[in-house]
Amino acid sequence: MKMDNFARLLQEMLNATEPNFGDNADSVLGLLYNIYYEQVCTDDTDEVKLAFDELYESITGKTLREQDEIINAVCRICCKHQQTGFVDGIHLGFQLAKELNNE
């Protein structure tokens, strides 16, 4: 089989199937983010721990349900912000590599 035919067949196969990134990702970058933070970033920094201590202190006196709602919302925002930073960092890295290779 010639390389052109092989490449065409491979492209047809890729076009016919949807990639499976798992339940928590919708792209390759999302998948990389999940793998990285699940396997590498397992502990919070002292700065993050201090911020959560301050957050818990500020919600003292609220019911447990109210505390859970606040903490869950804060964690969702933090995770989305962290993921956006990760993906944007990858994009910037690729852009930098392209610019350096063109000069």
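Before reading on, note that the structure itself is shown above.
Residues numbered from 1 in each chain as written. Predicted model: local features only at pLDDT ≥ 70, side-chain atom pairs only at ≥ 80, totals over all residues. Heavy atoms only, no water.

Engineer: Can you explain the state of the cysteines? Please cite residues and give values.
Structural biologist: For the coordinates displayed, the defined rule picks out 0 disulfides. We note that C78 lacks a disulfide partner, and the nearest cysteine sulfur, in C75, lies 6.2 Å from it. (Disulfide = S-S within 2.5 Å.)

Engineer: Kindly report on the environment of T17, identifying the contributing residues and their values.
Structural biologist: With respect to the helices and strands, T17 occurs in the loop between α1 (3-16) and α2 (28-39). Take T17: its relative accessible area is 46%, and that puts it in the partly exposed class. Of note is the side chain of T17, whose polar atom sits 3.2 Å from the backbone oxygen of M13. (Helix = DSSP H or I, 4+ residues; strand = E, 2+ residues; numbered from the N terminus. Buried < 20%, exposed > 50% of the residue type's maximum accessible area, 1.4 Å probe, protein only. Polar contact = N/O pair within 3.5 Å; in protein donor to acceptor, adjacent residues only side chain to side chain.)

Engineer: Can you tell me about a nonpolar patch on the surface, naming the residues and giving the values?
Structural biologist: Nonpolar side chains collect at one region of the surface, where M1, M3, F6, L9, L10, M13 and L14 lie side by side and expose about 770 Å² of accessible area between them. On the secondary structure map, L9 appears in helix α1. (Patch = residues over 30% accessible without salt bridge, like charges linked within 9 Å, V, L, I, M, F, W, Y side chains within 5 Å. Areas by Shrake-Rupley, 256 points an atom, 1.4 Å probe, with all protein chains shown as cover. Salt bridge = Lys/Arg side-chain N within 4 Å of Asp/Glu carboxyl O.)

Engineer: Give me the pattern of salt bridges: which residues, what numbers.
Structural biologist: Oppositely charged side chains are able to pair whenever their charged atoms sit close together. Counting across every chain of the model gives 1 salt bridge. As a salt-bridge pair, R8 and E12 come within 2.9 Å of each other at their nearest N and O atoms. You can see R8 and its partner E12 sitting in helix α1, 4 residues apart, about one turn around the helix. Judged by relative accessible area, which is 43%, R8 ranks as partly exposed.

All we've got here are geometric facts, nothing functional implied.
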